[in-house]
Every structure is written in C-alpha cells, then in structure tokens.
Amino acid sequence: MSLTFSGNRALVLGGTCELALTLAHSMIESDLFPLLTYRDDKGLRAIREALRSFHGKYETCYLNFGDRDSLDSIFTQIGDDLNFLVDFAQGNYESLIAGADEDSVYSYFMENISFRAEILKRVGRAMLKKRKGRLVFISSAAAARPNPGQGFYAAAKLASEALYRNMGLELGERGVTTVILRPGYIEAGRGRIYLQKQARKILEMTPIKRAITGEEIAQTILFLLSDSAAGINATEISMDGGLTSGK
Amino acid sequence: MSRTSESGGHMEVFAELKKILEELLDLEDREIAPETLLIQELGAESIDLLELAVTINSRFKITVKDDEIFLTRFRLYSTEAKQQGKDAVHYVAGRYPFLGEDRIAEIMAHIKEGPQLKIKDLISYVTYRSQGV
C-alpha cells in the first residue's frame, strides 16, 4: 500500500528518543519533513548522529517541557506552517503513590499535562488556519495497565490522552484530527532495558510472544499520519500484541 | 493595518471583519452591521468563535485572548463586583478596557436576553490591540 499525505511538515516532540529517530528515518524516506525537538546538547547530538546522512531533510528545535519561552521560540522558528504533530515527549516519574515527593508530583503534572495542553492550543490554532492537521499522541499500554510505581506516569498519559481525544472531537469538523497510539513492550529506549530484565515473564504474558519493534511502531505512525487513516479520529489504538486484552 | 483616523480605522477594521465573517459563517445573504449580534443573530458557535479568534490574530497581526474578545467572563465579573459591593459597570470596564462604560452598561441591561457580543465589540478589541496595548 502506498501512503499519501496532506502536507509534509511534521513537528516531532521528544525527537531525541530512539522511536522518534526511527520514525524520522521513515518520514524522510516518505518525503515528509520532520522538525525534531531536543532539550539538551546530548539530545541534539543524538539527532545529528542518527540522521547524519539526511542533511537538509530535517530540522531541529529546542523545546523543554515546562519552559514556556522555549515553546514561543519554536513557533518563531517554524511559524504556523505545520501539517502534523507526533508527540513522544514524556517525563518519567516512578514512585509509589504513598511514597511520592509532593514537589515532584506538582512539577511532573505541570510539565507533562499542563504544558502539553499549551502545546496543543498553539498547534491546534496553527492547524485551524489551514483547516487541516493531524496529531498522533504516543501513549502507552501502561496507561491502561500500570505496574506498581507507574501511577504518575499512567495518570499523565491518561490525562494527555483525554486532551488529544477532545481536540479531535472539537476540531474534527475543521479538518484537524487526532489519534492516540498505545504501544506495549517495545524493543527500544526504556522498553529495551525493561525487556532485558523481564524478558521471559513478558513473553509469557503477551499473546504474540514477542515484543513490538521500533520499526513496526514507526510504520504504524506513518500510516496514522496518512490520508488512509483520516477516518480514525479522537480514539486510541493499542499496539501491544494483545497484552492488555487478557488477564 | 494602518489607521488614517479614528473613524477611518474603524471602517477598515469593520470591512475586514465583515469579510472574515462571510468566509467563516454560513450567512445566507444576511446583512452584517456593527450592531449585529454575533451569537444570537449570526448563530456563531464556540468552534466558529475559536476560528474567528485565530483568523483575527493572523489577519490583523494582533494577540487575541479569546476570553477577552468574546467577553466570555462578563457575567462572572458582574457577579464578582456585586459580591464585593463594587460598582459593576466600573468593575467590568476595568476587565474589558477596550469597551467604554456606556457599552458595558448597555450589555448589562440586555444580558438576560442572551449573549450580547456585537460586531462593534470586535472592532473595539481589534482597534485597541492594534494600538499595541
């Protein structure tokens, strides 16, 4: 199946993670132009290293979740010319609820929920001007089935899902649509480390008896961005090999 | 948008707003005047107002705060003033500095009839913001 896209400029939040870089490769090969966000020099170097053979086919921009000036500067840099948003950004705060540090909780939710709402407002308004836009939020199977210690992570993911879902409800009639992808265990980034420690247990729990690959996720996101998937709006899709469907 | 004179500026803003509304709303040959009620007469819904704010922002190159331009908190401010024993017109005018006290009083007198936002209020907002306020 060959995919077609309405537009080519895609802002990729959390652009330094392994999945985002895999996606950026696929995007460039599909003639999309990724704008990848980074929050420190290390991240910027990771992007440049991973995409070194694609000079001029992508851009980078500084964005630090919680830093509103950095959001302003992104829009100064890219203007309103934006067709897609793919959101991988997510801070991690692992703690039992009853053991959590209050200050960390407040700042975690501010950065991962309130700041995301501000991003959505800005991006939504930019897309509204064109009456066209597609947003994909990368959530997690842990949003639905968290492990102990993942309560804050799950709460932030579920709240963010709600923001994306409503955006699709509210702006769908103006051509701006959203979809949420919930990957399960992935052989990439944080997932890979976890998998190494828990491989047998996870394979037993997952009906397809394997983890999802980064390449599979990237291809699915490309499909979700394409015109073929335009009817999928304001909803979430699980991509976890069936992990969260059983018990 | 340059302003040749106070009234000239208003006329230019009105003409541009009229054009925008004709593009955004299904007006079915309805006449638009500064006194036209945006929500009650033109049937603008919240999604229309959002799109209007975005379009005004890009056409006039001004910052638009949706709560301000659409007088979203008008009733809330009136109630606040009463609760605090303050003069409501004066209090609300402080929140909406682009509207005169006469206009605030006029809105208060009719607010029970439904949303009172008029095209002329949008003109006032755009003119006010265009002055760099």
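Residues numbered from 1 in each chain as written. Chains lettered and ligands numbered in written order. Predicted model: local features only at pLDDT ≥ 70, side-chain atom pairs only at ≥ 80, totals over all residues.

### Topic: the interface of chain B and chain A
- With five residues of chain B at the contact, the number on the chain A side is six residues.
- Partitioning the side of chain B that touches chain A into residue classes produces three nonpolar, one polar and one charged. (Contact = placed C-beta atoms within 7 Å. Nonpolar A, V, L, I, M, F, W, Y, C, P; charged D, E, K, R; others polar.)

### With respect to the sheet that holds strand β4 (residues 84-87) of chain A
Residue and element names in this part refer to chain A.
- Judged by pairing direction, the sheet is parallel, and its seven strands sit side by side in the order β3-β2-β1-β4-β5-β6-β7 without closing on themselves. Two strands lie at the open edges of the sheet, namely β3 (59-62) and β7 (235-239), each paired on one side alone. Taking each pair of neighbouring strands and ignoring which way they run, the sheet shows an average axis angle of 20°.
- Looking at chain direction, β4 and strand β5 (residues 133-138) are connected through four bridges and run parallel. When the bridges of β5 are listed, D87 appears paired with F137.
- Helix α1 (residues 18-29) contacts β1 (9-13), β2 (33-38) and β4 of the sheet and is inclined by roughly 160° relative to β2.
- The strands touched by helix α3 (residues 68-78) are β1, β2 and β3; relative to β3, the strand with the most contacts, the crossing angle is about 150°. (Pairing = 2+ DSSP bridges. Helix = DSSP H or I, 4+ residues; strand = E, 2+ residues; numbered from the N terminus. Axes fitted to C-alpha atoms, helices over the stretch in contact; angles between N-to-C directions.)

### What about the nonpolar core?
Residue and element names in this part refer to chain A.
- Of all hydrophobic cores here, the largest spans 81 residues; its most connected members are V12, A20, L23, V86, F88, V136 and I221.
- Looking at this core element by element, the count peaks at seven residues for helix α4 (residues 102-130).
- Once you skip the residues sitting within four places of it in the chain, L23 turns out to touch V12, V86, A218 and I221.
- In this structure, Y93, Y108, A141 and A143 belong to the second largest nonpolar core, which totals nine residues. (Core = buried A, V, L, I, M, F, W, Y, C linked by C-beta atoms within 7 Å. Buried ≥ 20, exposed ≤ 12 C-beta atoms within 10 Å, placed from the backbone.)

### Looking at the packing of helix α4 (residues 74-83) of chain B against helix α5 (residues 88-95) of chain B
Residues and elements named next belong to chain B.
- Interhelical geometry of α4 versus α5 gives an angle of 135° and a closest axis separation of 9 Å. The angle between the axes of α4 and α5 places the two elements in the oblique class. Every pair of crossing elements has a handedness; the one defined by α4 and α5 is right-handed. Within the contact between the two elements, α4 uses F74, Y77, S78, A81 and K82 and α5 uses A88, Y91, V92 and R95. (Parallel < 35°, antiparallel > 145°, perpendicular 65-115°, else oblique. Left-handed = near helix turned anticlockwise from the far one by under 90°.)

So yeah, pure geometry; function would need other evidence.
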